[in-house]
Number of protein chains: 2
Amino acid sequence: MIRNTRQRTAVNAVFDELEGFHSAQEVHARMRAAGDSIGLSTVYRAVQALVEDGELDSIRTDAGEAIYRRCSARHHHHLVCRACGRTEEVEGPTVERWADRVAAEHGFVDVTHSLEIFGTCAACHRAGAPSADRPG
Amino acid sequence: MIRNTRQRTAVNAVFDELEGFHSAQEVHARMRAAGDSIGLSTVYRAVQALVEDGELDSIRTDAGEAIYRRCSARHHHHLVCRACGRTEEVEGPTVERWADRVAAEHGFVDVTHSLEIFGTCAACHRAGAPSADRPG
DNA sequence: GAGCATGTGAGAACTGTTGTCGACTGCGGG
DNA sequence: CCCGCAGTCGACAACAGTTCTCACATGCTC
Ligand SMILES: [Mn+2]
Ligand SMILES: [Mn+2]
Ligand SMILES: [Zn+2]
Ligand SMILES: [Zn+2]
C-alpha cells in the first residue's frame with residue numbers, strides 16, 4: 001500500500017513551481033537549499049513513483065541524465081530549448097499515425113515511440129545563445 | 001592528424017558483422033572474446049570517433065546506455081525490436097517537416113530532433129516474446 | 001495507542017563513461 | 001631506411017548518476 005509521506009508530497013510540490021525539465025539531483029539540491037530535509041535516494045524514489053503515476057514525464061539528456069517535468073495527461077512530445085531548458089508540449093496526430101503505420105508495415109506490434117525536438121528558443125537566440133550541432 | 005591504428009580498424013570492422021545496436025562494452029567484450037587485444041577506453045574513443053565521422057549512429061537506451069550501429073549516410077530514424085534488438089532504418093519526410101514546422105511556430109531556431117520507434121518484431125512476437133510498456 | 005508494513009536516508013555499491021599518464025607507434029621528413 | 005614526435009594506447013583511477021542496504025522512523029489500520 002502506498003503511503004502519504006512528507007517527502008513524497010514535497011517532491012511533488014516542487015514540480016508545481018518549476019518550469020521545464022529538472023533532474024532528481026537538482027530537485028534534491030533545491031529542496032535542501034530551501035531548508036527541506038530529504039535524502040537523495042528518497043527524491044529518486046519519489047520522481048520514479050510520480051512518473052509511474054503519470055504525474056511527471058521524463059526524458060533523457062544527451063549526457064544520459066534523466067530529467068523530469070510535470071506533465072499533462074494526454075500523449076504529447078517536447079520541444080526543448082538547449083540553452084535555457086524551456087519546454088513546450090507539442091502534439092502531432094500525423095506523427096503518431098506515421099510511427100504506427102511504419103511499425104505495422106514492418107510487422108512490428110506493441111509499438112511505442114520517443115520523439116523530442118531540440119532547438120534554441122527565441123529569447124535565447126536573441127540573447128545570442130551558442131548553437132550546438134546534433135544530428136537527429 | 002588522425003592516425004590509422006589496428007584498434008580503430010578492428011572496432012570499425014566489428015560493426016560490419018553486427019546487426020542492430022550494440023554498446024561499447026559489448027563490442028569490447030566481443031573483441032576480447034575473439035582474441036583481439038584492445039582496451040575499453042580505446043573502444044569508447046573509437047565508437048565516438050566513428051559517430052563523428054558518420055560511420056555509426058548512436059541512440060540511448062532507456063537504461064541510459066549508449067548503443068551504436070553502422071549507419072547509412074542519409075537522415076533517418078530507427079524501428080527497434082525490444083526483444084531481439086533487430087533494427088530497421090525508416091524515413092519519413094512528413095515527420096521531418098512536422099518537427100521543423102512545430103519548432104518554427106514556437107520561435108525556435110537551430111532545430112534538431114530525435115525519434116525512435118520501439119516494438120516487438122514479427123519473429124519475436126511469433127516466438128512469444130514478452131511485451132513491455134513504455135509510453136512515448 | 002500498538003503493531004507492522006512501508007518509507008527514509010546516510011553511506012556503500014554499481015554502472016557506464018571519461019580522465020590520467022607513462023609507454024607505444026603510425027607516419028611524414030630527413 | 002630510421003628519426004622524431006604528435007597522436008594513440010590501455011591499465012587504472014576517477015567521476016557522475018543511479019540503485020542498493022539496512023537500521024531506524026513513521027503512516028495506517030485496527
Ligand atoms: Mn507521439
Ligand atoms: Mn528525422
Ligand atoms: Zn531558451
Ligand atoms: Zn525481435
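Draft legend 1. Representation of the protein's contact with DNA strand C in the model. Close contacts around DNA strand C come from 24 residues, with Arg3, Arg8 and Arg45 of chain A together with Arg3 and Gln48 of chain B the closest. Protein-proximal atoms of DNA strand C, defined as those within 4 Å of the protein, fall in sugar or phosphate at a share of 68%. One of the side-chain nitrogen or oxygen atoms of Thr5 of chain A is found 2.7 Å away from a phosphate oxygen of DNA strand C. Within the contact set of DNA strand C, a base oxygen lies 2.6 Å away from a side-chain nitrogen or oxygen of Arg3 of chain B. Where the surface near DNA strand C is concerned, the elements lending two or more residues are α1 (6-14) and α3 (40-52) of chain A together with α3 (40-52) of chain B.

Draft legend 2. Up close: the protein's contact with DNA strand D. In the vicinity of DNA strand D, 24 residues are found, and the nearest of them are Tyr44 and Gln48 of chain A together with Arg3, Arg8 and Arg45 of chain B. Taking all atoms of DNA strand D within 4 Å of the protein, the share assigned to sugar and phosphate is 67%. Met1 of chain B places a polar main-chain atom, nitrogen or oxygen, 2.9 Å from a sugar or linking oxygen of DNA strand D. Between a base nitrogen of DNA strand D and a side-chain N or O atom of Arg45 of chain B, the distance comes to 2.6 Å. At the level of secondary structure, the elements contributing two or more residues to the surface near DNA strand D comprise α3 of chain A together with α1 (6-14) and α3 of chain B.

Draft legend 3. Structural view of the coordination of the manganese ion (ligand 2). Residue and element names in this part refer to chain B. Every protein donor of the manganese ion (ligand 2) is listed here as His75 (NE2), His77 (NE2), Glu96 (OE), Glu96 (OE) and His113 (NE2), and their distances to the metal cover 1.9 to 2.3 Å. Binding-site remark: the manganese ion (ligand 2) is held by donors from one chain whose sequence spacing is H-x1-H-x18-E-x16-H. Taken together, the positions of His75 in the loop between β3 (66-70) and β4 (77-81) and Glu96 in helix α4 (residues 93-105) put the pair 21 residues apart, joining distant regions of the chain. Note on Glu96: relative accessible area 17%, which makes it buried.

Draft legend 4. Structural detail: the interface of chain B and chain A. With 46 residues of chain B at the contact, the number on the chain A side is 45 residues. Here chain B and chain A share an interface that buries about 3600 Å² over both sides, 61% of which is from carbon and sulfur atoms. Counting across the chain B and chain A interface gives 2 salt bridges. Among the salt bridges present, the one from Asp110 of chain B reaches Arg82 of chain A, with a minimum N-O distance of 3.3 Å. The set of elements that each furnish at least two residues to the side of chain B that touches chain A consists of β4, β5 (87-90), α4, β6 (109-120) and α5 (122-126) of chain B. Of all the elements, β6 of chain B adds the most residues to the side of chain B that touches chain A, at 12 residues. Looking at the side of chain B that touches chain A residue by residue, the classes come out as 20 nonpolar, 17 polar and 9 charged. By the bridge criterion, 9 bridges tie strand β6 (residues 109-120) of chain A to β6 of chain B in an arrangement that is antiparallel. Looking at β6 of chain B, one finds that His113 of chain A is bridged to Ile117 of chain B.

Calculation criteria
Residues numbered from 1 in each chain as written. Chains lettered and ligands numbered in written order. Predicted model: local features only at pLDDT ≥ 70, side-chain atom pairs only at ≥ 80, totals over all residues. Heavy atoms only, no water. Near = heavy atom within 4 Å. Polar contact = N/O pair within 3.5 Å; in protein donor to acceptor, adjacent residues only side chain to side chain. Helix = DSSP H or I, 4+ residues; strand = E, 2+ residues; numbered from the N terminus. Donors = N, O, S within 2.8 Å, 3.2 Å for Na, K, Ca; no water. Buried < 20%, exposed > 50% of the residue type's maximum accessible area, 1.4 Å probe, protein only. Contact = heavy atoms within 4.5 Å. Buried area = accessible area lost by both parts, 1.4 Å probe. Salt bridge = Lys/Arg side-chain N within 4 Å of Asp/Glu carboxyl O. Nonpolar A, V, L, I, M, F, W, Y, C, P; charged D, E, K, R; others polar. Pairing = 2+ DSSP bridges.

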